[in-house]
Amino acid sequence: MLRTQRLILRQWDDEDFYPFSQMCRDKDVMEFFPKLLTEEESYSMGRKIKSLIAERGWGFWAVEIPGQSKFAGFVGLHVPKESMPFSPCVEIGWRLAKRYWGMGYATEAANESLRYAFTHLGLEEVVSFTTVRNIRSQAVMEKIGMSYASKFEHPDLEPSDPLCEHVLYKIGRDHWELHAL
């Protein structure tokens, strides 16, 4: 479990799956993903995230806002598929319910995730990526000190898909240490 000034990043529990499934059916939350997820797909994804944290001790942690929400979404670290053009690597990512947007929660939790990546896991670099159209996520990447690295076509999407073109951001441990001061 990780704590910030306002948040708890923790292992998922079974009660998180339902609010996660609601979030994954929200067209605004899922705007930059290929499709809305069914309840079954969301539960399956939630169980997979939970099992990866149990196996590794880290991952896309459930975000809790004490006194406000037991489950606001997830933020954390993940190992992307080997088919990604920049693999192997560790990525940082987030997905929060819409009612928690614009409050700095993604940035706060992502900063704590980077701290964990560099000080606890000893990583040299962390990446993040999103479709070129997802300006909000790119803003979070920049707020946590990441820099634009390149554009690429997502290997799981057809070149004609409007979401295919992605941007890759990176941050190295040295830059993070300067940014974290």
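First, a word on scope: everything that follows refers to the structure included in this document. This structure is a prediction, so every number in the text was calculated from the model and none was measured. (Residues numbered from 1 in each chain as written. Predicted model: local features only at pLDDT ≥ 70, side-chain atom pairs only at ≥ 80, totals over all residues. Heavy atoms only, no water.)

### Describing the overall build of the protein
Of regular secondary structure, the protein possesses 5 helices and 8 strands. Element order for the protein, N to C, with α for helix and β for strand: β-β-α-α-β-β-β-α-β-α-β-β-α. Computed over its C-alpha atoms, the radius of gyration of the protein comes to 15 Å, within 12% of the 16 Å expected for a compact globule of 181 residues. Referenced to the eigenvectors of the C-alpha coordinate spread, the extents of the protein come out at roughly 40 × 35 × 30 Å. Taken over 181 residues, the protein has a buried fraction of 50%. The long-range share in the protein, meaning contacts at least 24 apart out of those at least 6 apart in sequence, stands at 61%. Accessible surface computed for the protein: about 9,300 Å², of which carbon and sulfur atoms make up 51%. Between the mean site of the 22 positive side-chain charges and the mean site of the 26 negative ones, the protein shows a separation of 4 Å. (Helix = DSSP H or I, 4+ residues; strand = E, 2+ residues; numbered from the N terminus. Rg over C-alpha atoms; globule rule 2.2 N^0.38 Å. Buried < 20%, exposed > 50% of the residue type's maximum accessible area, 1.4 Å probe, protein only. Contact = heavy atoms within 4.5 Å. Areas by Shrake-Rupley, 256 points an atom, 1.4 Å probe, with all protein chains shown as cover. Lys, Arg positive; Asp, Glu negative; His and termini not counted. Charge placed at Lys NZ, Arg CZ, Asp CG, Glu CD.)

### Description of the side chain of Glu-91
Checked against the element boundaries, Glu-91 lands in strand S5 (residues 91-96). Within the buried core, Glu-91 has no salt-bridge partner, and the shortest N-O distance to an opposite charge, that of Arg-56, equals 9.0 Å. Setting aside anything within four residues of it in sequence, one finds Glu-91 in contact with Phe-60, Gly-76, Leu-77, His-78, Pro-80, Val-126, Val-127 and Phe-129. (Salt bridge = Lys/Arg side-chain N within 4 Å of Asp/Glu carboxyl O.)

### Re the pairing of strand S6 (residues 125-131)
S6 sits mainly inside the fold: 6 of its 7 residues count as buried. Pairing of S6 with strand S8 (residues 165-172) involves 7 bridges; the strand directions are antiparallel. Bridging across to S8, Ser-128 finds its partner in Tyr-169. (Pairing = 2+ DSSP bridges.)

### Points about the packing of aromatic side chains
All chains considered together, the criterion is met by 15 aromatic pairs. Centre to centre, the rings of Trp-12 and Phe-17 are 6.1 Å apart; their planes meet at 35°, and the pair counts as tilted. When sorted by exposure, Trp-12 lands in the same class as Phe-17, which is buried. One aromatic cluster is present, formed by Trp-12, Phe-17, Phe-20, Tyr-43, Phe-60, Phe-71 and Phe-74 through successive ring pairs. Between Arg-56 and the ring centre of Trp-58, over which it is positioned, the NZ or CZ distance is 4.8 Å. A cation sits over an aromatic face here: Arg-95 above Phe-33, 4.2 Å from the ring centre. (Phe/Tyr/Trp six-rings, centres within 6.5 Å; stacked < 30°, edge-to-face > 60°. Lys NZ or Arg CZ within 6 Å of the ring centre and 35° of its normal.)

### Some thoughts on the pairing of strand S4 (residues 69-78)
The buried count for S4 comes to 8 of 10 residues, which makes it a mostly enclosed element. Sheet topology note: the strand S3 (residues 60-65)/S4 ladder contains 5 bridges and is antiparallel. Bridge pairing in S4 places Val-63 opposite Gly-73. Hairpin remark: S3 followed by S4, antiparallel, with 3 residues in the connecting loop; positive phi at Gly-67, about 80°. Where S4 and S5 come together, 6 bridges link them in antiparallel fashion. Directly across from His-78, in S5, lies its bridge partner Glu-91.

### What to know about helix H2 (residues 39-56)
Spanning 18 residues, H2 covers 26 Å between terminal C-alpha atoms, matching the ideal 26 Å at 1.5 Å per step. Ser-42, Gly-46, Ile-49, Leu-52 and Ile-53 are the residues of H2 that are buried. Burial along H2 is one-sided: seen end-on, the buried residues are contained in an arc of 125°. Seen from the buried face of H2, the exposed residues on the opposite side, beyond 90 degrees, are Glu-40, Ala-54 and Glu-55. Buried positions along H2 lie against helix H1 (17-23), S3 and S4. Immediately beyond the C-terminal end of H2, within one or two residues, lies Gly-57, with a positive phi of roughly 90°. (Expected span 1.5 Å × (residues − 1). Arc of directions from axis to C-beta.)

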